[in-house]
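Residue-level listing of the chains:
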Amino acid sequence: MRYSPVLTTLGFVLSEDATAVLMIEDTRPGSYGFGKWNGLGGKVAPDEDVVTGMRREIHEESGLTALELRLRGTVSWPGFGPDGEDSFGFCFVVDRWEGTPLTESAEGRLDWVPVADLLADPPRLDLWPGDRYFLPLVFGADERQFHGVLPYHDGRPTGWSHTWV
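Quantities reported herein were computed from a predicted structural model and do not represent experimental measurements.

> In this structure, what is going on with the packing of aromatic side chains? I would like to understand it.
Counting across every chain of the model gives 11 aromatic pairs. Considering the side-chain rings of Tyr32 and Phe80, the 6.0 Å spacing of their centres and the 85 degrees angle between planes classify their relative orientation as edge-to-face. Placement of the pair is Tyr32 in the loop between strand S2 (20-26) and strand S3 (37-38) and Phe80 in the loop between strand S5 (65-77) and strand S6 (87-98), with a sequence separation of 48 residues. Each ring, one from Phe80 and one from Trp128, has its centre 4.8 Å from the other, and the planes form 65 degrees; the classification is edge-to-face. Of this pair, Phe80 sits in the loop between S5 and S6 while Trp128 sits in the loop between helix H2 (115-119) and helix H3 (131-139), placing them 48 residues apart in sequence.

> Which parts of the structure should I look at to understand the nonpolar core?
When a protein is soluble and globular, its nonpolar side chains tend to lie buried together. Formed by 25 residues in total, the largest nonpolar core has its most connected members in Leu118, Phe134 and Phe139. Broken down by secondary-structure element, the contributors of at least two residues to this core are strand S1 (6-14), S2, S5, S6, H2 and H3. It is H3 that contributes the most residues to this core, 5 residues altogether. In contact with Phe134, other than residues within four places in its own chain, are Leu10, Val75, Trp77, Cys91, Phe146, Leu150 and Trp160. Met54, Leu64, Ala66 and Val94 belong to the second largest nonpolar core, which has 13 residues in total.

> Teacher, can you tell me more about the pattern of salt bridges here?
One pass over the structure, following the stated rule, counts 11 salt bridges. As a salt-bridge pair, Glu107 and Arg28 come within 3.2 Å of each other at their nearest N and O atoms. Highlighted residues: Glu107 in the loop between strand S7 (104-105) and strand S8 (108-114) and Arg28 in the loop between S2 and S3, separated in sequence by 79 residues. Residue class for Arg28 comes out partly exposed when judged on its relative accessible area of 33%. When the shortest N-O distance is used, the salt bridge between Arg56 and Glu48 registers 2.5 Å. A relative accessible area of 25% means that Arg56 is categorised as partly exposed.

> What should I look at first to understand the pairing of strand S9 (residues 146-149) in this one?
As a general feature of sheets, a regular strand has side chains that alternate between the two faces. On S9, burial follows the alternation: Phe146 and Gly148 on one face are buried, whereas His147 and Val149 on the facing-out side are not. Two elements, S5 and S9, share 4 bridges in a ladder whose sense is parallel. Across the sheet, Val75 pairs through a bridge with Gly148, a residue of S9. Bridge analysis of S9 against strand S12 (residues 161-164) gives 4 bridges, and the strand direction is antiparallel. Bridging from a neighbouring strand, His147 pairs with Thr163 of S12.

Parameters at a glance
- Residues numbered from 1 in each chain as written.
- Predicted model: local features only at pLDDT ≥ 70, side-chain atom pairs only at ≥ 80, totals over all residues.
- Heavy atoms only, no water.
- Phe/Tyr/Trp six-rings, centres within 6.5 Å; stacked < 30°, edge-to-face > 60°.
- Helix = DSSP H or I, 4+ residues; strand = E, 2+ residues; numbered from the N terminus.
- Core = buried A, V, L, I, M, F, W, Y, C linked by side-chain atoms within 4.5 Å.
- Buried < 20%, exposed > 50% of the residue type's maximum accessible area, 1.4 Å probe, protein only.
- Contact = heavy atoms within 4.5 Å.
- Salt bridge = Lys/Arg side-chain N within 4 Å of Asp/Glu carboxyl O.
- Pairing = 2+ DSSP bridges.

Function cannot be inferred from these measures alone, as they are strictly geometric.
Encoded structure:
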């Protein structure tokens, strides 16, 4: 079977004191992610590199301009989409930004959430079930990049593996 994933970005905008992250709750009725909280991001356009795509998505969803981004790693999500589509995401932390964040956009409702709430077991928000595997790597102290595979089947993760570089 040929692997041809949708290329995506996933960005976590940190508060100035780095204790909270700007998250979005999908409020679009009928959306595959309806009710889920997520970082900012989306599909990379054919004419974009991943950093340009990440900056565009952050601006579209939050009104912020991302000034400093760190690529924390990548995640391959085979079978993740509503019809079993594959996704491949580039996970960023945004340390410096400018502007005033929106409280709502076409994608959903935005709010600052304590990083600890994302890492709690269980998380204190309705996150995708596989997020518990890679979010500790995104927000962890290890400076290396991680590269993971998180297969899904019927909306649930079926495994997790990753390497560091």
